[in-house]
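# An overview of the molecular structure
Residue strings, one per chain:
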2 protein chains.
Amino acid sequence: MIVEKAAALLNQQGYLVSSVYDVMKETGLEKGGIYYHFGGKEELALEAYRFARDLVGHEIKKALHSTDSSIGRLYALLEVFRNLAHGVPIKGGCPTMNVSIESDDAHPALCTEARNAMAWVYKTVKTVVLTGIEKQEFAPDCNPDQIASIFISTAEGALMLSKLFDDTTYMDRAILHLKSYLSSCTANLSKPQGGPS
Amino acid sequence: MIVEKAAALLNQQGYLVSSVYDVMKETGLEKGGIYYHFGGKEELALEAYRFARDLVGHEIKKALHSTDSSIGRLYALLEVFRNLAHGVPIKGGCPTMNVSIESDDAHPALCTEARNAMAWVYKTVKTVVLTGIEKQEFAPDCNPDQIASIFISTAEGALMLSKLFDDTTYMDRAILHLKSYLSSCTANLSKPQGGPS
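Predicted, not measured: the structure shown is a model, and the values here were computed from it.

Next up on the list: the state of the cysteines. Residue and element names in this part refer to chain A. If you walk through the whole model with that rule in mind, you get zero disulfides over all chains. Not part of a disulfide, Cys94 finds its nearest cysteine sulfur in Cys111, a span of 14 Å. The class of Cys111 is buried, set by a relative accessible area of 7%.

Here it is in structure tokens:
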């Protein structure tokens, strides 16, 4: 599938910086064929990003459905990040972080899609925490926005480090830390507020 | 200064994705002048990145010299990240994260420089913690590698979120969390190991 091959390439080499020639080599299409399929280089980047984003989105939904426990769902989401650090389901790290760093106001369509995708992940984590508070799994006074922020910041930053140094240890450390942090927010602890202390 | 203007532009728009035409508009140079000064587009990206990296490096060194306390030094480093989220000393986020996401094996010079710069930041944080252990500010059994990983992952990830959503709240939350985490690693607490619990 052309978009699948393009996504695999662009998530590693960059959605905007990769040349049409790179995509020709990867997909086996001629330049005319790429423009026929995608309309242009920015549309190609957009379609490839959507494909990669949906691959990761599918993994996130699977993780959410893997258990009824709120903390279990967050642990399962952490495994999605661990897998990304290992190049699964796609090599090159988090498509949404990649696009968010690469694109700016000069590429409004890509930028908007990345913002929407990250907002969805944020809302997903926050909703799991809110449900966990209702179900008395999380402490009633823990802060869902604080938890969602720390969860995503730490995991995405660790993914960047793991990719840069080609060493998944950074992700392993982030997951160890976030599990400890999430435990400190559960209902059976006395000091569940935002920070870990 | 030409490289200063180029760095200000490329740290926002992308080191590799920005066109020579964009740089011409920003610097007022003709295309020939840009090639005369920088030799080529990749050299331009490299010089602009080095300028931006050194701007941030200068802020990091200032933070380290602002106090003798190890935890105080890490708090001062957090303010460097907070300032970056506010576009100080340069707009567009962390130059090293930007380059690390944008560049890959196809751009070995940029990739190597970004890796070296991030390794320097990592070593800096780790050394502050090691010194803090020697000075009995940090607990003897806390893990300097774990602390350096979590510090950088969380701050860089929060910078990405703050930039993507144009909202420094994500950075404020990361700093709140990291201060709490660092406090849990200080010598007067009984459970200083890697995680916050």
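Okay, the interface of chain A and chain B next. Contact with chain A, which involves 41 residues of that partner, is made by 41 residues of chain B. Together chain A and chain B conceal approximately 3,800 Å² of surface at their shared face, both sides included; 68% is due to carbon and sulfur atoms. Considering only the side of chain A, the residues that lose the most area to chain B are Ile101(A), Leu164(A) and His177(A), jointly responsible for 17% of the buried surface there. Applying the counting criterion to the chain A and chain B interface returns zero salt bridges. Connecting chain A to chain B are 12 residue pairs in polar contact (both at pLDDT 80 or more). Those elements giving two or more residues to the side of chain A that touches chain B turn out to be α1 (2-13), α6 (95-102), α7 (108-134), α8 (144-165) and α9 (169-184) of chain A. Among the elements that line the side of chain A that touches chain B, the one with the most residues is α8(A), at 15 residues. In the side of chain A that touches chain B, the residues fall into 20 nonpolar, 14 polar and seven charged.

This brings us to the environment of Glu26(B). All names here are of chain B. Inspection of the secondary structure puts Glu26 in helix α2 (residues 20-27). Along the sequence, Glu26 and Ala8 sit 18 residues apart, while their C-alpha atoms lie 9.1 Å from each other. The residues touching Glu26, leaving out its near neighbours within four places in the chain, are Lys5 and Leu9.

All names here are of chain A. Packing of helix α4 (residues 41-64) against helix α5 (residues 70-85) brings their axes to within 8 Å, and their N-to-C directions diverge by 150°. One way to sum up the angle between α4 and α5 is to call them roughly antiparallel. Handedness of the crossing formed by α4 with α5: right-handed. Mapping the contact onto sequence places Val56, Glu59, Ile60, Ala63 and Leu64 in α4 and Arg73, Ala76, Leu77, Val80 and Leu84 in α5.

Cut-offs used in this document
Residues numbered from 1 in each chain as written. Chains lettered and ligands numbered in written order. Predicted model: local features only at pLDDT ≥ 70, side-chain atom pairs only at ≥ 80, totals over all residues. Heavy atoms only, no water. Disulfide = S-S within 2.5 Å. Buried < 20%, exposed > 50% of the residue type's maximum accessible area, 1.4 Å probe, protein only. Contact = heavy atoms within 4.5 Å. Buried area = accessible area lost by both parts, 1.4 Å probe. Salt bridge = Lys/Arg side-chain N within 4 Å of Asp/Glu carboxyl O. Polar contact = N/O pair within 3.5 Å; in protein donor to acceptor, adjacent residues only side chain to side chain. Helix = DSSP H or I, 4+ residues; strand = E, 2+ residues; numbered from the N terminus. Nonpolar A, V, L, I, M, F, W, Y, C, P; charged D, E, K, R; others polar. Axes fitted to C-alpha atoms, helices over the stretch in contact; angles between N-to-C directions. Parallel < 35°, antiparallel > 145°, perpendicular 65-115°, else oblique. Left-handed = near helix turned anticlockwise from the far one by under 90°.

Function cannot be inferred from these measures alone, as they are strictly geometric.
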